[in-house]
Amino acid sequence: MLSEIEKVIFLEEVHFFQNMTLEQLRVLASVCEEEFFLAETQIYKEGDPGGILYIVVSGRVGIEQQKRKGFVARLATLEPHSYFGETDFFSDHCRTNSAIAIRDTLVLRQRREPLIALARKYPELSLELINALSARLREANQQIAELTRSLPSKLQDLYDQLSDISDTNALEGNQV
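Reading the values: rules and limits
Residues numbered from 1 in each chain as written. Predicted model: local features only at pLDDT ≥ 70, side-chain atom pairs only at ≥ 80, totals over all residues. Heavy atoms only, no water. Pairing = 2+ DSSP bridges. Helix = DSSP H or I, 4+ residues; strand = E, 2+ residues; numbered from the N terminus. Core = buried A, V, L, I, M, F, W, Y, C linked by side-chain atoms within 4.5 Å. Buried < 20%, exposed > 50% of the residue type's maximum accessible area, 1.4 Å probe, protein only. Arc of directions from axis to C-beta. Contact = heavy atoms within 4.5 Å.

Draft legend 1. Just the pairing of strand β4 (residues 61-68), in detail. When β4 meets strand β5 (residues 71-78), the two strands line up antiparallel, connected through seven bridges. Counterpart to Gly62 in the pairing with β5 is Thr77. In sequence, β4 turns back onto β5 through a hairpin of two residues, with Gly70 there showing a positive phi of about 90°. Bridge analysis of β4 against strand β7 (residues 98-101) gives four bridges, and the strand direction is antiparallel. Each residue of the ladder has a partner; that of Ile63, found in β7, is Ala99.

Quick look at the structure:
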């Protein structure tokens, strides 16, 4: 078990929480819950309710998304000091991906309500959280660009041609 002081020190090193004051970190540390997952254990699955942010203390976590039945895409592999679950943290939406412990993993669980209460008390904190989430979105966009680097204009042209053929066939009553 981590002490509250150890949680504060740890949270201070996580990008999502870096611009918080010690007092704000103390408040969050006091309500963070530890949870341990054995390797190959699912932390949450696609469709589960959101509202919890996870912070990797030790171990390794895979973020995955089912593409088709039986096929899963690994979106990210996370190490200590990484956070996940942020896409469904502030909304009432269900999880859009799954998280699995790749190795034995200790996480801190941060529920939405205490963080929102803290942001109401310290409005400037909201901007810091938006900055952290914007940085994550930029990282995701860069990763997408890297993955689609191979001749994207030719791929787009091919997609446009296939769409035109599909549209023409639909107008003529043919099935594609």
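Draft legend 2. A look at the nonpolar core. Ranked by size, the top nonpolar core spans 23 residues in total, and within it Leu11, Phe16, Phe17, Met20 and Ile55 carry the most contacts. Residue assignment for this core shows that the elements contributing at least two residues are α1 (4-12), α2 (22-31), β3 (52-58), β8 (105-111), α3 (112-121) and α4 (123-147).

Draft legend 3. View of α2. Those residues of α2 not exposed but buried are Gln24, Leu25, Leu28 and Ala29. Axial view of α2: buried residues confined to an arc of 135°, hence all on one face.

Draft legend 4. Looking closely at the environment of Gln66. Looking at the secondary structure, you find Gln66 in strand β4. When its relative accessible area of 45% is taken as the criterion, Gln66 is described as partly exposed. Sequence-wise, Gln66 and Asn97 are 31 residues apart; in three dimensions their C-alpha atoms are separated by 7.5 Å. Residues contacting Gln66, with those up to four places away along its chain left out, are Glu46, Phe71 and Val72.

Draft legend 5. Unusual backbone geometry, seen in detail. Its identity is not glycine, yet Glu40 carries a phi of approximately 70°, on the positive side. For Glu40, the position within the fold is in the loop between β1 (33-37) and β2 (42-44). With phi around 75°, His81 is a residue other than glycine that occupies positive phi space. Within the fold, His81 resides in the loop between β5 and β6 (83-84).

These results come straight from atomic positions and should not be treated as a statement about function.
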